[in-house]
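Per-entry structural report
Okay, here's what each chain looks like letter by letter:
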Amino acid sequence: PLPAVAWIGLGIMGSPMSENLIKAGYRVTGFTLEQDKLDRLAAAGGTAAASVAEAVRGADVVITMVPASPQVEAVAYGEDGILAHARDGALLIDMSSITPRTSVELAAAAAAAGRGLRVLDAPVSGGEAGAVEAVLSIMVGGDRADFDAARPVLDALGTTVVHCGPHGAGQTVKAANQLIVAVNIQACAEAVVFLEKSGVDLAAALDVLNGGLAGSAVLTRKKHNFLGRDFVPGFRIELHHKDMGIVTDAARAVGAALPVGGVVAGLVGAARAQGDGGLDHSALLRGVERLSGT
Ligand code: NAD
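It should be emphasised that the depicted structure is a prediction, and the values quoted were computed from it without experimental measurement.

Our next topic: the overall build of the chain. A count of helical and extended segments in the chain gives 15 helices and nine strands. Against the globule reference of 19 Å for 294 residues, the chain gives a C-alpha radius of gyration of 20 Å, in line with a compact fold. Projected onto its principal axes, the C-alpha coordinates of the chain cover approximately 65 × 45 × 35 Å. Residue burial in the chain is summarised as follows: out of 294 residues, 45% are buried. Within the chain, residue pairs in contact and separated by at least 24 positions form 66% of the contacts whose partners lie at least 6 positions apart.

In structure tokens form, the structure reads like this:
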């Protein structure tokens, strides 16, 4: 039989991802803070638990998909948490985007518990659409044998599943991903405002740009956001702000310069400070408009 899965964190990403595991035949028991998300899991054929402890008790594989490091630490180390209540030998796969240091510490704490608990960091890229369609890119850090064991579960969630190195390496790659995406969105947003102010047909311009070297996943997937000024998340600016902090700290620690990334980190922070934190990250466009007097 397939391993029993516990899923902690059923948000924009966790809900559709856990549903893909159910569709693939896994038994999924979930816990999250919102009752409507627990109801959604039950309606999809999963089991709603009343606590982290209850969700993980019978699980062979425990997956976490929560906002940031503090929430990972709370669900892992809390009295009600995973390290205290997971089965001996359980495999913990943290798919949240967090600082690499937290992933390294979590792996060490799990090993120190002496119950054979194994940990992988396995953050994802591809957004809500990638989660729904099970075509995520999944970047994994940890032991190769644990990666091999996790592979069937990860293959049910994504199409590009890569072992990147030891604990934390998946998070380091995800930090680079977030740097590239933020800079790309900012560049696209600047082009959009420039094109509109120039009186060029924006839809036609974005189509032809996307066929050349300027084309990107951002331009493809965020085109409707730019065209329709539709900033329903998606991926919230406040989460991207968290990620720019992660990549800025990690780059400083190894002495890598981020001359443009640092500027874009500032613009993401400004967007959040100006009240756009709850909007999709394509709303960096609003910041360019403010600077352009639009
Ligand atoms: P979200 O805010 O929609 O969902 C987070 C979920 O975590 C919520 O349902 C909340 O109830 C749950 N949670 C928080 N604290 C908890 C706790 N103590 N116990 C149990 N559940 C708890 O966020 P999201 O957009 O799904 O993002 C989740 C993670 O995935 C983040 O690290 C984010 O950076 C990353 N990510 C998001 C996207 C995206 O497009 N949204 C893409 C790639 C990666």
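Here the focus is the UniProt feature "domain: 6-phosphogluconate dehydrogenase NADP-binding" (unreviewed entry) in the chain. The UniProt record annotates "domain: 6-phosphogluconate dehydrogenase NADP-binding" (unreviewed entry) at residues 5-165. Helix makes up 42% of residues 5-165 and strand makes up 24%, while its end C-alpha atoms are separated by 24 Å.

A few words on the nonpolar core. Counting 53 residues, the largest nonpolar core has Val5, Val61, Val62, Ile82, Ala86, Leu92 and Ile93 as its most contacted members. In terms of nonpolar packing, the next biggest core, distinct from the first, is built from 26 residues, Val218, Leu219, Ala271 and Leu285 among them.

A regular strand places its side chains so that they alternate between the two faces of the sheet. By the alternation rule, side chains of strand 4 (residues 61-64) split into Val61 and Ile63 and Val62 and Thr64, which are all buried. Summarising the sheet, strand 1 (residues 5-8) and strand 4 pair through four bridges and their orientation is parallel. The residue bridging alanine 6 from the neighbouring strand is valine 62, located in strand 4. Sheet topology places strand 4 next to strand 5 (residues 91-94); four bridges connect them, and they run parallel.

Once that is clear, we can look at the packing of helix 4 (residues 69-77) against helix 6 (residues 100-112). In a pair of packed helices, the angle between the axes and the distance between the axes together describe the arrangement. Interaxial distance between helix 4 and helix 6 falls to 11 Å at its minimum, and their mutual angle equals 10°. The pairing of helix 4 with helix 6 is recorded here as roughly parallel in orientation. Contact residues: Ser69, Val72, Glu73, Ala76 and Tyr77 in helix 4; Thr102, Leu106 and Ala109 in helix 6. For the contact of helix 4 with helix 6, a count of residues per class yields five nonpolar, two polar and one charged.

Partitioning the chain into structural domains gives domain 1 (5-166) and domain 2 (172-291). On a C-alpha basis, the centres of domain 1 and domain 2 stand 28 Å from each other. Between domain 1 and domain 2, the contact holds 13 residues from the first and 14 residues from the second. In terms of residue count, helix 7 (residues 127-132) provides more of the side of domain 1 that touches domain 2 than any other element does, three residues in total. Classifying every residue of the side of domain 1 that touches domain 2 by side-chain character gives eight nonpolar, four polar and one charged.

Overall, the prediction assigns the chain a mean pLDDT of 98, with 100% of residues at 70 or greater. Listed scores for the predicted complex are pTM 0.97 and ipTM 0.99.

Quick look at the environment of glutamate 238 now. With respect to the helices and strands, the residue glutamate 238 is situated in helix 13 (residues 237-254). Aside from chain neighbours lying at most four places away, what touches glutamate 238 is Arg272, Gly277 and Gly278.

Attention shifts here to the packing of helix 14 (residues 259-276) against helix 15 (residues 284-291). In the contact formed by helix 14 and helix 15, the axes pass within 9 Å of each other and the chain directions differ by 90°. On the basis of the axis angle, helix 14 is roughly perpendicular to helix 15. Taken together, the residues of helix 15 that come into contact with helix 14 (itself represented by Leu267, Val268, Ala270, Ala271 and Asp276) are Leu284, Arg286 and Gly287.

Now for unusual backbone geometry. In this structure, glycine 234 follows proline 233 across a cis peptide bond, with omega equal to 10°. Residue position: glycine 234 is located in the loop between helix 12 (223-228) and helix 13. At alanine 134, a position not held by glycine, the phi torsion is positive, near 60°. As for its placement among the helices and strands, alanine 134 is situated in the loop between helix 7 and strand 8 (136-141).

With that settled, the discussion passes to the UniProt feature "active site" (unreviewed entry) in the chain. Within this numbering scheme, the UniProt entry marks Lys174 as carrying the feature "active site" (unreviewed entry). Structurally, the position occupied by lysine 174 is in helix 9 (residues 169-197). We classify lysine 174 as buried; it has 28 C-beta atoms within 10 Å. With residues up to four places along the chain from it excluded, the contact list for lysine 174 reads Ser97, Pro123, Ser125 and Met139.

Calculation criteria
Residues numbered from 1 in each chain as written. Predicted model: local features only at pLDDT ≥ 70, side-chain atom pairs only at ≥ 80, totals over all residues. Helix = DSSP H or I, 4+ residues; strand = E, 2+ residues; numbered from the N terminus. Rg over C-alpha atoms; globule rule 2.2 N^0.38 Å. Buried ≥ 20, exposed ≤ 12 C-beta atoms within 10 Å, placed from the backbone. Contact = placed C-beta atoms within 7 Å. UniProt positions renumbered as here; feature names shortened; annotations may be inferred. Core = buried A, V, L, I, M, F, W, Y, C linked by C-beta atoms within 7 Å. Pairing = 2+ DSSP bridges. Axes fitted to C-alpha atoms, helices over the stretch in contact; angles between N-to-C directions. Parallel < 35°, antiparallel > 145°, perpendicular 65-115°, else oblique. Nonpolar A, V, L, I, M, F, W, Y, C, P; charged D, E, K, R; others polar. Domains from an automatic or database assignment. pLDDT = per-residue confidence, 0-100.

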